Amino acid sequence: MTAPVAIQGVNHRFGAHHVLKDVALEIGAGEYVALLGPSGCGKTTLLSVIGGFVLPDAGRILIGGADMTRVPPAKRPTTTVFQDYALFPHMSLRDNVGFGLRMAGIGRAERDGVAETMLTLVGLSGAAEKHPEALSGGQRQRVALARALAVKPDVLLLDEPLGALDLALRRAMQDELKAIQRQVGTTFVHVTHDQEEAMAIADRIVVMNAGRIEDAGAPERIYRQPATLFAASFMGEITKLPGRASGDRVETPLGALPLPLSLAPPIAATGSGPLVVCIRPEAVRVARAGDALLGEASVADAAFFGTHWRAQLIFEAAPETSLLAYLPPDTGVSEGQRLTVSVDPGAITVFEER
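Residues numbered from 1 in each chain as written. Predicted model: local features only at pLDDT ≥ 70, side-chain atom pairs only at ≥ 80, totals over all residues. Heavy atoms only, no water.

A. Summary view of the confidence of the model for the chain. Scored by pLDDT, the chain comes out at a mean of 91, with 96% of its residues at no less than 70. The secondary-structure element of the chain with the lowest mean pLDDT is helix H10 (residues 264–270), recorded at 48, while strand S4 (residues 58–63) shows the highest, at 98. (pLDDT = per-residue confidence, 0-100. Helix = DSSP H or I, 4+ residues; strand = E, 2+ residues; numbered from the N terminus.)

B. Region of the structure containing the pairing of strand S14 (residues 275–279). For S14, a buried count of five out of five residues is recorded, marking the element as mostly surrounded by other parts of the structure. Residues of S14 alternate between two faces, with Leu275, Val277 and Ile279 on one and Val276 and Cys278 on the opposite face, all of them buried. Judged from the five bridges that link them, strand S11 (residues 239–246) and S14 form a sheet pairing that is antiparallel. Along S14, the bridge assignment pairs Lys240 with Cys278. (Buried < 20%, exposed > 50% of the residue type's maximum accessible area, 1.4 Å probe, protein only. Pairing = 2+ DSSP bridges.)

C. Here's a closer look at the layout of surface pockets. Of the voids in this model, the largest pocket is the one considered here, and its volume is about 540 Å³. As for the largest pocket, its lining consists of 18 residues, of which Thr78, Thr79, Thr80, Gly100 and Val151 are closest to the centre. The set of elements that each furnish at least two residues to the lining of the largest pocket consists of strand S6 (78–81), helix H3 (99–103) and helix H5 (137–150). Broken down by class, the residue content of the lining of the largest pocket amounts to 11 nonpolar, five polar and two charged. (1 Å grid on protein atoms, 1.4 Å probe; cavity = no way out; pocket = protein on both sides within 12 Å on 5 of 7 lines; lining within 4 Å. Points joined across faces, edges and corners; volume = space filled by probe spheres on them. Nonpolar A, V, L, I, M, F, W, Y, C, P; charged D, E, K, R; others polar.)

D. Region of the structure containing the sheet that holds strand S20 (residues 348–352). Taken in spatial order, the five strands of this open sheet run S13-S12-S11-S14-S20, and their pairing is antiparallel. Edge strands, defined here as strands with exactly one partner in the open sheet, are strand S13 (255–258) and S20. Going from strand to strand, the sheet's axes swing by 40 degrees on average, the running direction of each strand aside. (Axes fitted to C-alpha atoms, helices over the stretch in contact; angles between N-to-C directions.)

E. Representation of the sheet that holds S4. The antiparallel open sheet is built from four strands, whose spatial order is S2-S1-S4-S5. In this open sheet, the two strands that pair with only one neighbour each are strand S2 (17–27) and strand S5 (66–67). Examined bridge by bridge, strand S1 (residues 5–14) and S2 share seven bridges and lie antiparallel to one another. Counterpart to His12 in the pairing with S2 is Leu20.

F. Spatial organisation of H5. Its 14 residues give H5 an end-to-end C-alpha distance of 20 Å, which sits within 8% of 20 Å, the value for a rise of 1.5 Å per residue. The buried fraction of H5 is high, at 11 of 14 residues. For H5, the complete set of buried residues consists of Gly138, Gln141, Arg142, Val143, Ala144, Leu145, Ala146, Arg147, Ala148, Leu149 and Ala150. (Expected span 1.5 Å × (residues − 1).)

G. Molecular detail of helix H1 (residues 43–51). Counting buried positions along H1 yields eight of nine residues, so the element is predominantly enclosed. Here H1 has its buried residues at Lys43, Thr45, Leu46, Leu47, Ser48, Val49, Ile50 and Gly51. A positive phi of about 90 degrees marks Gly52, the residue just after H1.

H. Quick peek at the packing of H5 against helix H6 (residues 167–184). Contact geometry for H5 and H6: axes closest at 11 Å, N-to-C directions at 20 degrees. It follows that H5 is roughly parallel to H6 by the angle criterion. For H5 against H6, the interelement crossing comes out right-handed. Residues Gly138, Gln141, Arg142, Leu145 and Leu149 of H5 pack against Leu169, Met173, Glu176, Leu177, Ile180 and Val184 of H6. For the contact of H5 with H6, the class distribution of residues is seven nonpolar, two polar and two charged. (Parallel < 35°, antiparallel > 145°, perpendicular 65-115°, else oblique. Left-handed = near helix turned anticlockwise from the far one by under 90°. Contact = heavy atoms within 4.5 Å.)

I. The arrangement of the nonpolar core in detail. Val97, Val143, Leu145, Leu149, Leu156, Leu158 and Ile205 are the most contacted members of the largest nonpolar core, which has 43 residues in total. Examining the composition of this core, we find that seven residues originate from one element, H5, more than from any other. Aside from chain neighbours lying at most four places away, what touches Leu149 is Met118, Leu121, Leu156, Ile180, Val184, Thr186 and Phe188. (Core = buried A, V, L, I, M, F, W, Y, C linked by side-chain atoms within 4.5 Å.)

J. Quick peek at the environment of Thr228. Along the polypeptide, Thr228 turns up in the loop between helix H8 (219–224) and helix H9 (229–234). In the structure, Thr228 is positioned 49 residues away from Val277 in sequence and 12 Å away in space, judged by C-alpha atoms. Excluding residues within four positions of it along the chain, Thr228 makes contact with Glu214 and Phe351. Among the polar contacts made by the side chain of Thr228, one reaches the main-chain amide nitrogen of Ala231 at a distance of 3.1 Å. (Polar contact = N/O pair within 3.5 Å; in protein donor to acceptor, adjacent residues only side chain to side chain.)

Right under this line is the structure:
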């Protein structure tokens, strides 16, 4: 089973703190959505509202078209996977996975069969007799996922489920989560503060800040064409330069750069005030044809990350301004080296300063 989720004008306060502010969002049936944002932005509270653990002060939650706003968690077509997994240490994996079915009155033979199927789905075939203490963190996470899926929810809610795992295991589990979601077709809503995790797993990312949705869209669009300055800053590293529009160009400390076509007409026509020019580090390159030339820079600092050199560049024309660049691993960057660099004009984003 799978179902769409409609979040309509949701507001919630914890005392004087306005945690959710007029949140509205449509999640399609079978969609994998990541709620992304810094600590305190409201993403976990929103997940709790969807799951029924928090009753909003205003607004509605619809699942499959039915109003679930005041329906208790146990009676909603949702299940939640928490970061701490919440497995029962005295139970076998089979009994852990079948626990929800047991509470629903399903007989032993049927729930054991479902538990075995779910354990196979998450890569733990043959481990049904084991207990949680015999498992690694990643395996426990798989068991928690199997238990949540065993009751066949319309919507699966995941609250930072990979947060306790090390980097390599977290990346492996990202791939597994995405593959499992594709296989079962259930609607997944996944809370994370990790931008790379959100981009790796989600069909759509919802960026939250201070209780509001800043941006929502496909990962590539959110990264390359963010709707707000906050979304641009939160989605990976970026250099921000002050600017001011001049026709179809924007003047910056590093010289005139082309305005993005989507922004140039309205900004130029209104004679806008101060602008913020955002440049992704991978868009900065050793000078090439077709790019916007920035000129000669010296490498103030460089570190090798395997896939790229992460370099801070300083320009003689603007010694107070540092430009972050990701350069190819075979560039051989060293401190003090001088490079002529350019920027991909299609990777420049511009926002009005607020």
